[in-house]
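# Chain and residue survey
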Amino acid sequence: MPDHSTTSQPAADHAAGTPTGTSAIVWRVALALLVICLVGVMVRTAWLCDDSYITLRVVENCANGLGLRWNAADRVLINAHPLWMLLLSALRPLTGEVYFTTIFASMALSLLAVVLVARTATTASAATVGVAILLSSRAFVDFTTGGLENPLAFLLLALFVGTFSRRAAGLRRLAVLSLVASLALTTRHDLVLLIGPALVLAWWRQRSLVAVAVVAAGMLPLLGWLVFATIYYGTPLPIISHAKLFATGVPVRDSLQQGWNYLIVHWDHDRITIGALVAGILAALFGRRSLGDGPPWAALAVGMLLHLAYVLRIGGDFMLGRFVASPMLVAVLVMVRWRVLARTGPALAATVVAVGVGLWSPRPTLANGPNYRGQGLLDHGISDTRDYYYAEFGLLSPKRSPPIPNALTDALRTVGHGTTEVLILHVAGWPSFNFGPAIHVVDMLLCDPLIARLPTVQRHGWRISHLKRYVPTGYLETLATGKNKIRHSGLAEYYDRLCLLTRADLAAPGRWAAIWDFARGRYDHIIRAYIEEEYFAPPPQRVALATMAETSEHTPWHAERNIGVYEGGVEVDLGSVQHATEVAISLHSQGHYEISFLRQGQVVATATVVTRSAPRQGLETYALATPAAARVGGFDALLVTCDFGKSADYVAAMGQVRLRP
C-alpha cells in the first residue's frame with residue numbers, strides 16, 4: 001500500500017551521532033572557519049565569463065523596453081537558463097546595472113547553497129567534510145560566480161536533496177519537492193535527468209490521484225514558462241538546443257569521445273571534483289545502511305549517472321567544471337549524510353584528504369588571487385575559462401574593465417546614425433553587450449535562429465560549442481534590408497516561415513499554424529534539401545559584367561547594386577577573353593579578398609587585395625595590376641572570394657568591376 005504518512009522528521013534524526021562536549025564545539029568552529037574561508041575564496045575568484053554577457057545583453061534590452069530579446073528584431077530564446085535570466089531581469093531595474101548585480105547575486109545564492117549543505121549534514125563534522133570538498137573543488141568555486149546559472153542551480157539542488165533526504169514521505173514533502181524541481185527545471189531543463197528519478201520515486205511512494213495533483217501544482221512555474229516561451233518565442237526550446245544537440249552535424253561517436261575527454265580532463269585538473277562525484281554515486285548506490293533511515297538514495301545515484309551520460313552525449317563543454325559542478329554538489333549532499341563522518345577520526349581524515357587533494361591540483365582554489373593567471377587552453381578544446389576573462393571581468397582584478405552596455409549604440413545615435421548595422425561575431429558575449437540594440441549581431445555558433453539550425457562544416461578539428469557554420473548566401477542582405485534575398489529558394493521559404501515565429505506580431509495570421517508546423521517538423525525537409533544541395537560546397541554567385549551597375553564610393557555594403565561575398569565567392573563573367581593591364585574593383589572595408597583570374601573555368605593567376613582599415617565606411621575602389629600570366633594568356637572571368645579568417649570584418653561585399661587596357 002502507498003505510504004501516505006505526513007509525519008515530520010524528528011529533530012533527533014538530524015543530530016544522530018553528533019559529537020558532544022569539546023569535540024562538537026571544535027567541529028562547529030572548524031565548520032565556521034571553512035565557510036568563512038570559502039566566502040573569501042568566492043570573493044577573490046569572483047568573475048564573469050564571456051557567455052554570461054549573452055544573457056546580460058537580453059537583460060539590458062529588457063530593461064530598455066525591448067523585451068526578452070538578444071537582437072532587437074528577433075524574439076529568440078538564446079540561453080538555456082530562463083529562470084536565471086528572469087531573476088537578473090528583475091534585479092536590473094533595482095540596481096541600475098548588471099555587473100555587480102550578477103556577481104553579488106551569484107555569491108549570495110552560492111553561499112545559501114553551502115549553508116543548506118551544512119544543514120543537510122547529519123553532524124557538524126560531516127558538514128565540515130562537505131564544505132572542505134566544495135572549497136577545494138575548482139568546478140564549484142569557479143562557478144559560484146561566472147555569470148551563468150550555476151549558483152541558482154546549486155541552491156535549488158541543495159533544497160531538493162535536503163527535502164528528499166527527510167525521513168517523512170508525506171504529501172507536503174512531495175509538494176515541496178515538486179515546486180523546487182519545477183524551479184530547477186526552469187533554471188536548466190536538462191536538470192530533469194539529475195533530479196527526475198528522485199522526484200518520480202517520491203511520487204511513486206505516494207501514488208494516488210491526489211499525489212498527481214500535488215506534482216502538477218508544483219510544476220506550474222515550469223509549465224507557465226513553457227507556455228510563455230511557446231507564445232512569445234514560438235518554441236519552448238532555446239535556439240542553442242539546435243546548435244548544441246539537434247543540428248550539430250557531429251557523429252554521435254565523436255560526441256561521446258569528446259564527452260569522455262571532458263571527464264578525463266577534469267580528472268587531470270580537478271580530481272577532488274571527480275573523486276567526490278564517484279564517491280557520492282557509490283554511497284547512494286551501495287551505502288543505504290551507512291546513510292541511515294530515509295529515502296532510497298539510489299534514485300539520486302541514477303540521476304547523477306543519467307546526467308553524466310547526458311554530458312557524454314553532448315560532448316561535454318569547453319569550460320572546465322561547468323557541467324560537472326551540479327552533479328558533484330548532489331554527490332556531496334549524499335556524502336554528508338554518512339554516519340561514519342559523525343566520528344572524529346574518519347571526518348578529520350576526509351577533511352585533510354579533501355583539502356590536500358585540492359591543494360595538490362593545478363591552480364588550487366585556495367591559492368587564487370586578484371592577479372589570477374590560470375592554465376588557458378587545456379586539452380581537447382577544453383579551457384580554464386576564468387583564465388581568459390578574469391583580468392578584465394574579475395571582481396578584484398586590478399585591470400578590471402567590464403564592457404559598457406550599449407556603448408556603440410549610444411555613440412551611433414549621438415552622430416545621428418539611425419539605421420541598424422549587421423555584424424558577424426565569433427565571440428558573441430561581451431562585444432554584443434557593448435554594441436547595444438542598434439547592432440544586429442549574427443552569431444555563427446549559437447544565437448542566430450537560422451544558422452543555429454545548420455550543421456557544422458567541420459568534419460575534423462572542431463571544438464565543442466564552437467562549431468563553425470556557413471552563412472547562407474544572401475542572408476546578411478536579408479537582415480540588413482528586411483527583404484528576403486536568400487539565394488536558395490527552399491531556404492528562403494523556410495526563413496519566411498521562421499520569421500512568423502520570431503518577427504511577426506504575436507497574433508499575426510498564420511503564426512499559430514507555423515508554431516505547430518515547426519514543432520512537428522513539417523519544414524525539416526526544406527532545410528535538409530538546402531544542406532544537401534549547396535550548404536557544404538556553396539557555388540559562386542554568377543553575374544555578368546555587362547549587367548553590373550556603377551557603384552558610388554562609400555555606398556553601404558548592402559545597397560541594392562552591391563553583391564555580398566560569401567563562402568562560394570562571386571564569379572564575374574567578362575563576356576570574352578580580356579588582356580586588361582588593370583582591374584578596378586569596389587570592395588567592402590576591412591576584408592582580405594582574393595581575386596582569381598579564370599579562363600574557361602581554370603585559374604590562370606591570383607592576386608590579393610587587403611582593403612583599408614575603415615570600418616563600415618562602405619565600398620571603396622581598389623586598382624589591381626593584372627598578373628602577367630592572366631594579362632598575356634587572357635582571362636574571361638574573375639572569381640572574388642574573401643578569406644574571413646584573415647579579415648577584420650566578416651561581412652564582405654563588392655560593387656562594380658572595371659577593366660582598364
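Below or above, wherever it landed, is the structure these notes cover. Bear in mind the structure is a predicted one, so any value in this text is a computation, not a measurement.

Take the overall build of the protein chain next. From N to C terminus, the protein chain includes 27 helices and eleven strands. Computed over its C-alpha atoms, the radius of gyration of the protein chain comes to 29 Å, within 12% of the 26 Å expected for a compact globule of 661 residues. Taking the principal axes of the C-alpha coordinates as reference, the protein chain spans close to 100 × 55 × 50 Å. A burial count over the protein chain gives 57% of its 661 residues as buried. Within the protein chain, contacts between residues separated by at least 24 positions form 77% of all contacts whose residues are at least 6 apart in sequence. A total accessible area of about 26400 Å² is found for the protein chain, and carbon and sulfur atoms account for 62% of it. Seen as two clouds, the 54 positive and the 44 negative side-chain charges of the protein chain have centres 10 Å apart.

This part covers the nonpolar core. In this structure, Ile133 and Phe160 are the most contacted members of the largest nonpolar core, which totals 115 residues. Sorting elements by how many residues they give to this core places helix α8 (residues 150–164) first, with ten residues. Within the second largest apolar cluster, 35 residues are counted, among which are Tyr475, Ile486, Ile515 and Tyr530.

Moving on, we come to the sheet that holds strand β9 (residues 619–625). Strand order in this open sheet of four strands is β4-β11-β6-β9, and the pairing throughout is antiparallel. Because the sheet does not close on itself, it has two edges, and the strands there are β4 (563–564) and β9. When β4 meets strand β11 (residues 653–660), the two strands line up antiparallel, connected through two bridges. Each bridged residue has a counterpart across the sheet, and for Gly564 the counterpart in β11 is Ala653.

Notably, Arg363 is not glycine yet its phi reads approximately 50°, a positive angle. With respect to the helices, strands and loops of the structure, Arg363 is situated in the loop between α19 (344–360) and α20 (385–393). Phi is positive for Gln600, which is not a glycine, with a value near 55°. Within the secondary structure, Gln600 is located in the loop between β7 (592–599) and β8 (602–610).

The next subject is the environment of Met304. Among the secondary structure elements, Met304 is positioned in helix α17 (residues 298–314). We classify Met304 as buried; its relative accessible area is 0%. Distance from Met304 to Val324, taken between C-alpha atoms, is 9.7 Å for residues 20 residues apart in sequence. Residues in contact with Met304, not counting those within four places in the same chain, are Leu194, Leu277, Gly280, Ile281, Pro327, Val330, Ala331 and Val334.

Before going further, it helps to examine the layout of surface pockets. Computed from the structure, the largest pocket encloses a volume of approximately 680 Å³. Lining the largest pocket we find 39 residues, and of these Ala80, Arg188, Ile240, Lys244 and Tyr310 sit closest to its centre. Mapped by element, the contributors of at least two residues to the lining of the largest pocket are α3 (52–63), α10 (192–204), α13 (240–246) and α17. If you tally residues by element for the lining of the largest pocket, the top one is α13, at six residues. Classifying every residue of the lining of the largest pocket gives 21 nonpolar, ten polar and eight charged.

Let's shift gears to the pattern of salt bridges. For the coordinates displayed, the defined rule picks out 17 salt bridges. Note that Asp517 and Arg520 form a salt bridge whose closest N and O atoms lie 3.1 Å from each other. Classification of Asp517 by relative accessible area gives buried; the value is 6%. By relative accessible area, which is 48% here, Arg520 ends up partly exposed. Salt-bridge contacts for Arg522 lead to Asp517; the nearest nitrogen and oxygen are separated by 3.1 Å. In this structure Arg522 comes out as partly exposed when scored by relative accessible area, which is 45%. Within this structure, Glu149, Arg188, Asp190 and Arg322 form a network of salt bridges that share partners.

Rules used throughout
Residues numbered from 1 in each chain as written. Predicted model: local features only at pLDDT ≥ 70, side-chain atom pairs only at ≥ 80, totals over all residues. Heavy atoms only, no water. Helix = DSSP H or I, 4+ residues; strand = E, 2+ residues; numbered from the N terminus. Rg over C-alpha atoms; globule rule 2.2 N^0.38 Å. Buried < 20%, exposed > 50% of the residue type's maximum accessible area, 1.4 Å probe, protein only. Contact = heavy atoms within 4.5 Å. Areas by Shrake-Rupley, 256 points an atom, 1.4 Å probe, with all protein chains shown as cover. Lys, Arg positive; Asp, Glu negative; His and termini not counted. Charge placed at Lys NZ, Arg CZ, Asp CG, Glu CD. Core = buried A, V, L, I, M, F, W, Y, C linked by side-chain atoms within 4.5 Å. Pairing = 2+ DSSP bridges. 1 Å grid on protein atoms, 1.4 Å probe; cavity = no way out; pocket = protein on both sides within 12 Å on 5 of 7 lines; lining within 4 Å. Points joined across faces, edges and corners; volume = space filled by probe spheres on them. Nonpolar A, V, L, I, M, F, W, Y, C, P; charged D, E, K, R; others polar. Salt bridge = Lys/Arg side-chain N within 4 Å of Asp/Glu carboxyl O.

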